[in-house]
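A look at the structure
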Protein chains: 2
Amino acid sequence: MVDDDVTVLRAVLFDIDGTLVDSNYLHVDAWQRAFDAVGHPVDAWRIHRAIGMDSGTLLDAILGDDRQQVGERAKRLHAEHLAASASRLRTFPGARQLLTAVDSLGIRVTLCTSAPPDELTRLLTVLDADDVVHAVTSADDVDQAKPDPHIIHAALSKAGVSAEQAVMLGDTVWDAIAAGRAGVPCVGVMSGGISAADLVEAGAIAVYEDVADLLRNLEASPFLAH
Amino acid sequence: MVDDDVTVLRAVLFDIDGTLVDSNYLHVDAWQRAFDAVGHPVDAWRIHRAIGMDSGTLLDAILGDDRQQVGERAKRLHAEHLAASASRLRTFPGARQLLTAVDSLGIRVTLCTSAPPDELTRLLTVLDADDVVHAVTSADDVDQAKPDPHIIHAALSKAGVSAEQAVMLGDTVWDAIAAGRAGVPCVGVMSGGISAADLVEAGAIAVYEDVADLLRNLEASPFLAH
């Protein structure tokens, strides 16, 4: 009856952008071009630190009073610039191998993102891991995404597990905060460009350089030493 | 004779990229495109963490064994991509005001960069602060730049001050390390996308969000409380 033990890890919730796919800096570039075009220039580092929030929350945080006026146009322009850089999307070294390793341990690979449908399609194509993915959340599953915990609840529900049976893997403070609010421990990776110190401060219980580093150290990681 | 007191601050050495001008993410993008083109793809976050090194050291660190084979071509392609994004270069809010404030305190504003001549020309044009700049170092002044301390020695020499009479302002761990090796205290800013924790670990004695934040807190800063 080990499988029914609430403390056994039964699902890993994987963030995609910056965690499995090298896309954060493409997002920063696309947002900066979009904000320039709508007449509300924003320093790149401030955009970078907001990446990982869902786009509605990001627009609120960055545009403030200009949100109503230019928010939707900025969002559309971001989507256009991002689509234009689609050929540059790549998985991080070890991403597919990690998903396969987790799946072969009998742990449900659950992709947990609020990317809009067209972005998600591109990410899944680049990932090319449908055979090992158990479930995927998308923007359609929730009104508000990270740092709101609803996206985590949606992912747990799709994986068919409780918070105690899951671990999140993400690259931003918003992943760590959202997971924490849902009672799911979060493991961090630095591949989105956010420092280990910032991830730990946001609640990450362990931080690896990237998925390849986690894969090399899987046995001692919170995935197996849950 | 206060002016001869070795402990009086007589010069601030300002890094430009990521400190005064919002260019780090343009550098990351230009390097990533360049590395892709020469067949040696590199994750964006690893490039980001190498920004602030001089380009020769960056190429050694990132390309390893491929350095001899593709290094010079990557460097040329980076320069081309960066030049193509020149219209997006902007000073950070408060950059010019900070230089003016420092100059009007009788402290020598010294720009300390190893940018090649064409990059430097573009940066100085965007800064538009010739009237308050006392001296500028460039790639011509040193063989090896940050984290090697020679660039700091060159800047001190051009400013006509000793290490004890200067403070460095920079946004990368390489600024903090180079300054530390030359015996110059380094103040950090987060506007290049490097975390406060990483800057402090590299030796920064204080960290501000950006130059505007430093300007608001100038009286209590190491610039005035030297």
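Owing to the predicted nature of the structure, the values given are computational and were not obtained by experimental measurement. (Residues numbered from 1 in each chain as written. Chains lettered and ligands numbered in written order. Predicted model: local features only at pLDDT ≥ 70, side-chain atom pairs only at ≥ 80, totals over all residues. Heavy atoms only, no water.)

1. So, the sheet that holds strand β3 (residues 133-137) of chain A
Residues and elements named next belong to chain A. With parallel pairing, six strands are arranged side by side in an open sheet as β3-β2-β1-β4-β5-β6. A single partner strand is all that each edge strand has here, and the edge strands are β3 and β6 (206-208). Averaged over neighbouring strand pairs, the angle between their axes works out to 25° when direction is ignored. Pairing of strand β1 (residues 11-14) with strand β2 (residues 108-112) involves four bridges; the strand directions are parallel. Residue pairing in the sheet places Leu13 in a bridge with Thr110 of β2. The strands touched by helix α5 (residues 95-104) are β1, β2 and β4 (166-170); relative to β1, the strand with the most contacts, the crossing angle is about 160°. (Pairing = 2+ DSSP bridges. Helix = DSSP H or I, 4+ residues; strand = E, 2+ residues; numbered from the N terminus. Axes fitted to C-alpha atoms, helices over the stretch in contact; angles between N-to-C directions. Contact = heavy atoms within 4.5 Å.)

2. As for the pairing of strand β3 (residues 133-137) of chain B
Successive side chains on a regular strand alternate, one facing one side of the sheet and the next facing the other. Residue and element names in this part refer to chain B. Pairing of strand β2 (residues 108-112) with β3 involves four bridges; the strand directions are parallel. Note that in β3 the partner of Thr110 across the bridge is Ala135. With helix α6 (residues 117-127) bridging β2 and the parallel β3, this β-α-β connection has right-handed handedness. (Right-handed = clockwise from strand over helix to strand, strands pointing away.)

3. Thoughts on the relation of the copies chain A and chain B
When chain A is fitted to chain B, the best match, at an RMSD of 0.0 Å, comes from turning it 180° and sliding it 0.0 Å along the axis. The two molecules are tied by a two-fold rotation axis, judged by turn and shift. With an isologous cut-off of 70% or more, the 100% of interface residues of chain A that recur at the interface of chain B puts this contact in the isologous class. (Least-squares fit on C-alpha atoms with pLDDT ≥ 70 in both.)

4. Some remarks on a negative patch on the surface
Side chains of Asp103, Asp128, Asp130 and Asp131 of chain A sit close together on the surface and give a patch of like negative charge. As for its placement among the helices and strands, Asp128 of chain A is situated in the loop between α6 (117-127) and β3. (Patch = residues over 30% accessible without salt bridge, like charges linked within 9 Å, V, L, I, M, F, W, Y side chains within 5 Å. Areas by Shrake-Rupley, 256 points an atom, 1.4 Å probe, with all protein chains shown as cover. Salt bridge = Lys/Arg side-chain N within 4 Å of Asp/Glu carboxyl O. Lys, Arg positive; Asp, Glu negative; His and termini not counted. Charge placed at Lys NZ, Arg CZ, Asp CG, Glu CD.)

5. Looking at the interface of chain A and chain B
Each side of the interface is counted separately: chain A has 27 residues, and chain B has 27 residues. For the pairing of chain A and chain B, the buried interface totals around 2400 Å² over both sides, and the portion due to carbon and sulfur atoms is 45%. When residues of chain A are sorted by the area they lose upon contact with chain B, Tyr25, Trp45 and Arg88 of chain A head the list and together hold 29% of the total. Counting the contacts that link chain A with chain B gives eight salt bridges. (Buried area = accessible area lost by both parts, 1.4 Å probe.)

6. Some thoughts on the pattern of salt bridges
Residues and elements named next belong to chain B. Evaluation of the coordinates by the stated rule reveals 18 salt bridges over all chains. The partner of Asp198 in a salt bridge is Arg49, with the nearest N and O atoms 3.6 Å apart. Highlighted residues: Asp198 in helix α9 (residues 196-201) and Arg49 in helix α2 (residues 44-50), separated in sequence by 149 residues. The residue Asp213 makes a salt bridge to Arg216 at a minimum N-O spacing of 3.6 Å.

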